[in-house]
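# Examining the three-dimensional arrangement
Take a look at the letters that make up each chain.
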Amino acid sequence: MSRQHLLCIIALSALTTACASPSLGPPPPAPAPVQNATFNAADFAWSQRAGANVVAGQVSHRQGATAYTCAGSSVVLTPETPWSRRRMAALYGSTERAALPSDDVRARTPNAPPGDATPFVKRTTCDDADQFAFAGLADGAWYAITIARPASNARGASMALMRRVVVRGGKRVPLAL
């Protein structure tokens, strides 16, 4: 048996014994709970600066054979802050991307942190080709949100679509919802 092999066996044996030993004390404490982020208007200041970034979006959501449209619907772009990140997690169960029945999102509203980001939210309307755009954006992360409904009189629930987008350096960023 080689010296290296023997050292590995001894080390493994020591680890196994240490894991089983009650002399190591109690387990470490559980991680601290995530604190609710409170609304702070100052956190949104970066989003009010003029920028050269563009978000060029399109709704292409489908569920099975049903295509969805956002034609005529409002599209909002919310700056990412600790508060808005926590709000997206509460409403959509994600801080990156979601497609949920809009009634489900509305029902979760009481669980979302309170606050009013209206003065900092950008708005536009989705056109007949299911496209939208936001221009003049400051560098940073944003949440694009819209409501889409089944196209061509198909049946189905309206869907709340959300996706995080990051813009930097005066670029045009394509975004699919």
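Residues numbered from 1 in each chain as written. Predicted model: local features only at pLDDT ≥ 70, side-chain atom pairs only at ≥ 80, totals over all residues. Heavy atoms only, no water.

## Observations concerning the packing of aromatic side chains
Counted under the stated rule, the structure contains six aromatic pairs. With a centroid separation of 5.4 Å and an interplanar angle of 35°, the aromatic rings of Phe39 and Phe44 are classed as tilted. Assessed through its relative accessible area of 27%, Phe39 is described here as partly exposed. According to the relative accessible area criterion, Phe44 is buried, its value standing at 0%. Among the aromatic residues, ring-to-ring pairing joins Phe39, Phe44, Trp83 and Phe120 into one connected group. (Phe/Tyr/Trp six-rings, centres within 6.5 Å; stacked < 30°, edge-to-face > 60°. Buried < 20%, exposed > 50% of the residue type's maximum accessible area, 1.4 Å probe, protein only.)

## Section: the nonpolar core
Core analysis: the biggest nonpolar cluster contains 22 residues, and Val59, Leu77, Phe132, Leu137, Trp142, Val165 and Val167 have the highest contact counts within it. Counting residues per element, this core draws most heavily on strand 9 (residues 159-167), which supplies four residues. When neighbours within four sequence positions are excluded, Leu137 is seen to be in contact with Gly51, Ala52, Asn53, Val55, Leu77, Lys122, Trp142 and Val167. Among the nonpolar cores identified, the runner-up in size contains 18 residues, and Leu91, Val105, Tyr143 and Ala160 belong to it. (Core = buried A, V, L, I, M, F, W, Y, C linked by side-chain atoms within 4.5 Å. Helix = DSSP H or I, 4+ residues; strand = E, 2+ residues; numbered from the N terminus. Contact = heavy atoms within 4.5 Å.)

## Structural notes on the sheet that holds strand 1 (residues 53-58)
The three strands are arranged 7-1-10 in an open sheet whose pairing can be described as mixed. Single-partner strands in this sheet number two, and they are strand 7 (131-137) and strand 10 (172-176). For this sheet, the mean angle separating the axes of adjacent strands, direction not counted, is 15°. With five bridges connecting them, strand 1 and strand 10 associate as parallel partners. Note on strand 10: the bridge partner recorded for Gly57 is Leu175. (Pairing = 2+ DSSP bridges. Axes fitted to C-alpha atoms, helices over the stretch in contact; angles between N-to-C directions.)

## Some details on the environment of Arg164
Locating Arg164 in the fold gives a position in strand 9. A relative accessible area of 26% means that Arg164 is categorised as partly exposed. Considered as a pair, Arg164 and Ala98 are 66 residues apart in the sequence and their alpha carbons are 9.4 Å apart. The contacts of Arg164, once residues within four sequence positions are left out, are Glu80, Thr95, Glu96, Ala141, Trp142 and Tyr143.

## Here's the deal with helix 2 (residues 82-92)
Turning to helix 2, its buried residues are Trp83, Ser84, Arg87, Met88, Ala90, Leu91 and Tyr92. Each buried residue of helix 2 sits inside an arc of 165° when the element is viewed along its axis, so together they form one side. Looking at the buried positions of helix 2, the neighbouring elements they touch are strand 4 (74-79), strand 5 (97-101), helix 3 (102-108), strand 8 (140-150) and strand 9. Positive backbone phi, approximately 70°, marks Gly93, located one or two places after helix 2. (Arc of directions from axis to C-beta.)

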